[in-house]
Amino acid sequence: MSDLFSFDNQNELGMVMSVDTSQVFIDVHNSEIMTKLGVGHLVAIKSYSEYQLLIGTIEKISRTVTEKLEFEFESDDELVYQDHPNDIVKVVLIGTFKSVDGEKRNVFKRGADTFPQIDSESYLIEGDNLQNFMNLISEGIRDSERLKIGHFINDSTAKAILNGDKFFQRHASILGSTGSGKSWCVATILEKASQLDFPNLIVFDMHGEYSPLTKGNDKIAEGFRIAGPGDLESTDKNVIFLPYWLLNREEVLSMILDRNDNNAPNQASRFTLHIKNLKENTLVRNNKEQILKTFTVDSPIPYQIQDLLMKLQDDDTRKGVGASNKPVKGEWEGKLTRFISRLEAKVSDRRYGFLFQPPEQALKYDWLEQLLYMLLGYSSERKGIKIIDFSEVPSDVLPVVTGTLARILYEIQFWMDSNHRTPFTILCDEAHLYLPIKEDANSTERQALENFERISKEGRKYGVSLLVVSQRPSDVSKTILSQCNNFIVLRLTNDRDQSVVKKLMPDSMKGITDCLPLLDTGEALVLGDSILLPNRIKLDVPKIKPDSMTKDFWKEWSKNKPKNESISQAVENLRAQSRKEESEV
Ligand SMILES: Nc1ncnc2c1ncn2[C@@H]1O[C@H](COP(=O)(O)OP(=O)(O)O)[C@@H](O)[C@H]1O
Ligand SMILES: [Mg+2]
């Protein structure tokens, strides 16, 4: 029938006894094979065409014993009850194999073209048949598109290869409980991407976990960090500032405006007016006539925050002029006081220095393009993968900062000549921290969500995709997760998280996700169009490991003495709000 598979009696499983769309129940009459079967094993079912086999994975194996009244021949043909094992296997169809498909030979594709008929014969795919089939699966992806992430559990020689284009094209997600192996999986994917000539990935690293990948001779990525309180005077090129003028109106207001204040509408409108004027002044000074005609209050154009404060102060204190030129209460008098003090508090707080205390050059008109050359552009001295360490960003502004940076990257791509766009991916580590579900989000989080949701909905058209990583899928924006087309799911122990993943899967795949709580560390299911076979995979170990966030308590308690000097340094760090290592002191 085909040169790929050769089945004989030993592989024979039994007949199809019932079909319920993509679920097939097989009555196993080969009781020897029954003991070999395992969940996840592959099964081939004959179809009406001799050139076609339906392929499925085993989801459930059951044996029920029924008693039947039968003649006992040995003892005088007496009627006695006999035990009859009833062996049934539930199989979920995942694809169709064709030995001849037009011009092509031996083709496997996802989805079942037809459904099996009752009494169709079925076979366990094992031994040479399994090897051949797995080879076919990995050969199905062109060399230039291959992203090898590990090997299949049911055949350790079979490489698990994703279609790299499909994986990154339409957003993907890596989900798993803490300690399941997400960070290693990210490092493996980055390592594979680093072997390409121009990989363009920007990693939002929340804990500085991926910094080992940016160090040493074998580094695979360029390391940046968002300026912490101790970096404000730094001239290091890899320290990133995101000056306030990059934020659009809503982003600033989400941080500063108290919507419960009676004067909130006044405050927002004066703020908007002044910003517009200040940006206009900058454009005039820089002779940007063309831009002057069409810019908006949200256009990223530098201005001095002190000028804004002065204008607001003036509003807040200016008297009005009444009848016979007598001073009366001014139109805005006293209405902006609280807004100003909230803004001033942020401006003078060093933790927000990366926003409000940028160095002189970050207020220059051409500064933004320099930043974007580093993050999106190409330089022969730099690596294409960029890892940005957000670990010193205060958690209350984390959503604004990640959201603003993502928005700017996206907008640059949006406004770029479509002939010159090259695609890039933003990897959102610990996404539940800044991409929460909408109902739970506060004003800054909503702002960030909006930016990311826009990328998740429209990014594909412009070659921008997201790779969302989280240990708590149930706390991550549903809009964003539901836009993902590919999932690498590692061990998930929590019920709520499992049910989120189940909901994201098509019905036929739901059963496969039952094994999620049982996966070993570094084991994953890949679900989506980037892989032909949704089966258990053991992920490769990355060459450069991320900094482990997991401490070995028991081992450390028998080995490592706490040091008072380190405590002293930590106390000073806490005061300075800057993490200096002891060796630097
Ligand atoms: N593919 C793998 N193979 C073997 N061990 C792994 C693998 N991935 C992770 N581990 C082990 O599990 C630990 C936790 O992995 P990590 O990626 O930090 O988990 P997570 O980011 O999900 O919390 C690692 O320190 C390593 O010992
Ligand atoms: Mg991790």
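Structural notes, computed from the coordinates. (Residues numbered from 1 in each chain as written. Chains lettered and ligands numbered in written order. Predicted model: local features only at pLDDT ≥ 70, side-chain atom pairs only at ≥ 80, totals over all residues. Heavy atoms only, no water.)

**Observations concerning the overall build of the protein chain**
Stated formally: In this text, helices come from DSSP runs of H or I with a minimum length of four residues, and strands from runs of E with a minimum of two, each type numbered from the N-terminal end. Exposed residues in this analysis have more than 50% of their type's maximum accessible area, buried residues have under 20%, and partly exposed residues fall in between, with area computed by a 1.4 Å probe over protein chains only. Only the protein chains shown count as cover for residues, with accessible areas throughout obtained via the Shrake-Rupley method and a probe of 1.4 Å. All tallies of charge rest on Lys and Arg as positive and Asp and Glu as negative; His and the ends of each chain are not included. One atom stands in for each charge, and that atom is NZ of Lys, CZ of Arg, CG of Asp or CD of Glu.
Along the backbone of the protein chain there are 17 helices and 21 strands. Dimensions of the protein chain, computed from C-alpha atoms along their principal axes, come out at roughly 125 × 60 × 50 Å. Counting all 585 residues of the protein chain, 50% fall into the buried class. Carbon and sulfur atoms make up 48% of the accessible area of the protein chain, which amounts to about 29500 Å² in all. Considering the protein chain, the positive charge centre built from 73 side chains and the negative charge centre built from 87 side chains are found 9 Å apart.

**Some remarks on the packing of helix H5 (residues 249–256) against helix H12 (residues 398–414)**
Spelled out, the test is: Angles run from 0 to 180 degrees between N-to-C directions of axes, and those axes are lines fitted to C-alpha atoms, restricted for helices to the stretch in contact. An angle below 35 degrees is treated as roughly parallel, one above 145 as roughly antiparallel, one from 65 to 115 as roughly perpendicular, and anything else as oblique. Whether two residues are in contact is decided by their heavy atoms, any of which lying within 4.5 Å being enough. Under the grouping applied here, Gly and all other residues not named as nonpolar or charged are polar, the nonpolar ones being Ala, Val, Leu, Ile, Met, Phe, Trp, Tyr, Cys and Pro and the charged ones Asp, Glu, Lys and Arg.
Direction vectors running N to C along H5 and H12 enclose 180 degrees, while the axes themselves pass 11 Å from each other. Overall, the two elements H5 and H12 adopt an arrangement that is roughly antiparallel. In this structure, H5 contributes Glu251, Ser254 and Met255 to the contact, and H12 contributes Val400, Thr404 and Arg407. Here the residues of the contact of H5 with H12 are counted per class, giving two nonpolar, two polar and two charged.

**Notes on the site of ligand 1**
The condition that has to hold: The rule for a residue being near a molecule or strand is that one of its heavy atoms must lie within 4 Å of it.
Close to ligand 1 lie 14 residues, the nearest being Gly179, Gly181, Lys182, Ser183 and Trp184. Listed by contribution, the elements that provide at least two residues to the shell around ligand 1 are helix H4 (182–194) and strand S21 (536–539). Ranked by residues supplied to the shell around ligand 1, first place goes to H4 with three residues. Taken together, the residues that form the shell around ligand 1 break down as three nonpolar, eight polar and three charged.

**Some details on the state of the cysteines**
Heads up, the condition is: Whenever a pair of cysteine sulfur atoms sits within 2.5 Å, that pair is classed as a disulfide.
For the structure on display, the rule yields zero disulfides. Here Cys185 stays unpaired: no disulfide links it, and the sulfur of Cys484, its closest cysteine neighbor, is 14 Å away. Between Cys484, a cysteine without a disulfide, and Cys428, which holds the nearest cysteine sulfur, the sulfur-to-sulfur distance is 9.4 Å. Residue Cys484 is classed as buried on the basis of its relative accessible area, which comes to 6%.

**Notes on the layout of surface pockets**
Stated precisely, the cut-off is as follows: Both cavities and pockets are sets of points on a 1 Å grid over the protein atoms alone; in a cavity a 1.4 Å probe fits but cannot get out, in a pocket the set is open with protein on both sides within 12 Å along at least five of seven lines, and lining residues sit with an atom within 4 Å of a point. Grid points are joined across faces, edges and corners, and a volume is the space filled by probe spheres set on the points.
Of the voids in this model, the largest pocket is the one considered here, and its volume is about 880 Å³. Lining the largest pocket are 28 residues, with Ser299, Pro300, Glu411, Ile412 and Trp415 sitting closest to its centre. Considered class by class, the residues forming the lining of the largest pocket number 15 nonpolar, six polar and seven charged.

**Remarks on empty space enclosed by the protein**
The full count for this structure, using the stated rule, is two cavities of 30 Å³ or more. Here the largest cavity is characterised by a volume of approximately 50 Å³. Around the largest cavity, the lining residues are Leu247, Asn248, Arg249, Val252, Phe271, Ile275, Lys279, Val297 and Tyr303. Of all elements in the fold, only H5 and helix H6 (264–285) reach the threshold of two or more residues within the lining of the largest cavity. Of the residues belonging to the lining of the largest cavity, the class tally is six nonpolar, one polar and two charged. Counted as a void, the second largest cavity has a volume near 30 Å³. As for the second largest cavity, its lining consists of Tyr244, Val252, Phe271, Tyr303, Ile305, Leu308, Leu343 and Phe356. Tallied by class, the residues present in the lining of the second largest cavity amount to eight nonpolar, no polar and no charged.

**Things to note about the nonpolar core**
Heads up, the condition is: The criterion is simple. A nonpolar core is a set of buried Ala, Val, Leu, Ile, Met, Phe, Trp, Tyr and Cys residues joined through side-chain atoms within 4.5 Å.
Ranked by size, the top nonpolar core spans 142 residues in total, and within it Ile55, Phe204 and Ile488 carry the most contacts. Leaving out residues up to four positions away in the same chain, Ile55 has contacts with Phe5, Leu42, Val43, Ala44, Val92, Leu93, Ile94, Gly95, Phe97, Phe108, Ile125 and Phe133. Counting residues in each nonpolar core, the second largest holds 16 residues, with Val16, Val24, Met34 and Leu37 among its members.

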